Amino acid sequence: MTSPLRTSPLRPSPIRIAFSPCPNDTFVFDAWAHGRVPGAPGLDVTFADIDLTNGMAERGEFDVLKVSYAVLPWILDEFTLLPCGGALGRGCGPLVLAKEPDADLTGRTVAVPSERSTAYLLFRLWAADRVPGGVGEIVVMPFHEIMPAVRDGKVDAGLVIHEARFTYQNYGLHRLADMGEHWESTTGLPIPLGAIVAKRSLGAERLRLLADSVRRSVRMAWDDPEASRPYVREHAQEMDPAVADQHIGLYVNEFTADLGEDGYAAIRGLLTRAAAEGLVPALPAEALAFAGDKS
C-alpha cells in the first residue's frame, strides 16, 4: 500500500515593507530584517525616502510602511497606525536654513522636501506664528538637494530634515528657526515625525504580531548596538559614522518602543492644528486607534 504524500505547510508570505535607508530605520528593523526576532514573519524590504513611501501608502502599496504623520489623514481608511517603531522626540525638529542669520522670509522662496510631510506641517504652523506677511513660493525638492540650493542662491531658504541638523554649517548656512523648538514651546509635547503603518486587511492577530516584532527588534538593537552597525553603514549613503550614531540617538527613543499617552497626544495635536489651518483633512477621534487592539 502506498503511503500518502506528506506536504509541509506553506510558509506565510513575507511582509512587504518599505522604509527609509536612514540610520534610525535600519537600526530599528535590523534584527527583524535579518531573521533574529523569534516568531516574527519574514520581511521583504524596499528602501525609499519618506516622500516616496508617503505616495506608496496613498496608492495602497505594501503591507507596512514608514510614512510621515502628516499623510495619515489620507491613508487611515486602509492602514492602521502601529503603536511603535516610529520617530518622535524632543530636540529633533526640522530646521529652516538661510545664507543670512537674520533673513526675513516674508514673500521669499522656500525649498521643502515634501508638502505631505510632518516637517512641512510644522513649518506652516511656525510661519503662521512668526512670518505674519506669509512666505512666498514653496518649492519641493529632494531633501539632499535643499542645502546646496540655499547655498547657491537658487532659493532663499530651505526646510531640512534628517542628518542635515548636524551638517548644515558645512554649507555655510545659518539656522533661522528650529521647528521642533517652536512646537515644544507652544505645546509641551514631543515632535511627531515618522510613523509605522500597516494594512488593516492583515487582521487584528497579524497586526499584533507585527507590533510585537517591531518592539522586539528595537529592544534587540538597544541590547546589542554593534549587531546593527553593518546594516546601518550599508545604507547610510556615505554618512559619517559619528553622524549616524547621533542620528540614531536622536530619533530612536522611548516613543519608538511605545507611543504612550504623550506620543498619541502629540500626533492628535499636530493633525488637529494642521486641520484648523486647512493643511490636512480633519480626522475622527477614533482614527488613530490601533486596529490590532480589536478582536
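Note that this is a predicted model, so its numbers are computed, not measured.

## Brief notes about the sheet that holds strand 7 (residues 110-112)
Then comes step 1: Spatially, the five strands line up as an open sheet ordered 8-7-9-6-10, and their pairing is mixed. Of all the strands in the sheet, the pair left with one neighbour each is strand 8 (138-140) and strand 10 (174-178). Each neighbouring strand pair of the sheet contributes to a mean axis angle of 30 degrees, computed without reference to strand direction.
Then comes step 2: Summarising the sheet, strand 7 and strand 9 (residues 157-160) pair through two bridges and their orientation is parallel. When the bridges of strand 9 are listed, Val110 appears paired with Ala157.

## Side note on the packing of helix 1 (residues 23-33) against helix 10 (residues 241-251)
Then comes step 1: Following both chains from N to C, one finds helix 1 and helix 10 inclined at 70 degrees, their axes separated by 8 Å at the closest point. Comparing their axes, helix 10 and helix 1 come out roughly perpendicular. On the side of helix 1, the interface is formed by Pro23, Asn24 and Phe27, while helix 10 contributes Ala244, His247, Ile248 and Tyr251.
Then comes step 2: Taken together, the residues of the contact of helix 1 with helix 10 sort by class into five nonpolar, two polar and no charged.

## Considerations on the packing of helix 4 (residues 118-130) against helix 12 (residues 260-276)
Then comes step 1: With their axes 10 Å apart at the nearest point, helix 4 and helix 12 run at an angle of 60 degrees to one another. Considering the angle they form, helix 4 stands oblique to helix 12. For helix 4 against helix 12, the interelement crossing comes out left-handed. Residues Thr118, Leu121, Leu122 and Leu125 of helix 4 form the contact with helix 12, whose participating residues are Leu270, Leu271, Arg273 and Ala274.
Then comes step 2: Counted by class, the contact of helix 4 with helix 12 contains six nonpolar, one polar and one charged residues.

## Some thoughts on the pairing of strand 2 (residues 43-47)
Then comes step 1: Looking at chain direction, strand 1 (residues 15-19) and strand 2 are connected through five bridges and run parallel. What sits directly across from Ile17, in strand 2, is Val45.
Then comes step 2: A crossover links strand 1 with its parallel partner strand 2, the connecting element being helix 1, and its sense is right-handed.

## Thoughts on the environment of Val110
Then comes step 1: Here Val110 is to be found in strand 7.
Then comes step 2: Owing to a relative accessible area of 0%, Val110 belongs among the buried residues under this scheme.
Then comes step 3: Separated by 59 residues in sequence, Val110 and Gln169 place their C-alpha atoms 18 Å apart.
Then comes step 4: Sequence-distant contacts of Val110, defined by excluding residues within four places in its chain, comprise Leu105, Phe123, Val135, Glu137, Ile138, Val139, Ala157, Gly158 and Leu159.

## Details of the pattern of salt bridges
Then comes step 1: Within this structure, the stated rule accounts for 13 salt bridges.
Then comes step 2: Note that Arg59 and Glu61 form a salt bridge whose closest N and O atoms lie 2.9 Å from each other.
Then comes step 3: Arg59 sits in the exposed class, given a relative accessible area of 56%.
Then comes step 4: What makes Glu61 partly exposed here is its relative accessible area of 29%.
Then comes step 5: We note a salt bridge from Asp212 to Arg216, for which the minimum N-O separation is 3.0 Å. Of this pair, Asp212 and Arg216 both sit in helix 8 (residues 204-223), four residues apart, which is roughly one turn of the helix.
Then comes step 6: Taking relative accessible area as the criterion, Asp212 reaches 33% and is therefore assigned partly exposed.

Calculation notes
- Every chain begins its residue count from 1, and numbering advances along the sequence as written.
- Under the rules for a predicted model, residues below a pLDDT of 70 receive no local features and side-chain atom pairs below 80 are neither given nor counted, while totals for whole chains, interfaces and linings still include all residues.
- The basis for the side-chain values is all heavy atoms of the structure; hydrogens and waters are excluded.
- Should DSSP find at least two bridges between two strands, the strands are taken to pair.
- Strands here are runs of E lasting at least two residues and helices are runs of H or I lasting at least four, both read from the DSSP assignment and numbered beginning at the N terminus.
- In this analysis an axis means a line fitted to C-alpha atoms, helices contributing only their contacting stretch, and an angle means the value between N-to-C directions, from 0 to 180 degrees.
- Roughly parallel covers angles under 35 degrees, roughly antiparallel covers those over 145, roughly perpendicular covers 65 to 115, and oblique covers all other angles.
- Whether two residues are in contact is decided by their heavy atoms, any of which lying within 4.5 Å being enough.
- Polar here means any residue outside two lists: the nonpolar Ala, Val, Leu, Ile, Met, Phe, Trp, Tyr, Cys and Pro, and the charged Asp, Glu, Lys and Arg; Gly therefore counts as polar.
- Here is the rule for handedness: rotate from the far helix to the near one, and if that takes an anticlockwise turn smaller than a right angle the crossing is left-handed, while a clockwise turn gives right-handed.
- Handedness of a crossover is defined as follows: orient the strands so they point away from the viewer, and if the path from the first strand over the helix to the second runs clockwise, the crossover is right-handed.
- For every residue, the accessible area (1.4 Å probe, protein chains only) is compared with the maximum for its type, and the residue is labelled buried under 20%, exposed over 50%, or partly exposed between those bounds.
- Salt bridge, as applied in this entry: a Lys or Arg side-chain nitrogen positioned within 4 Å of an Asp or Glu carboxyl oxygen.

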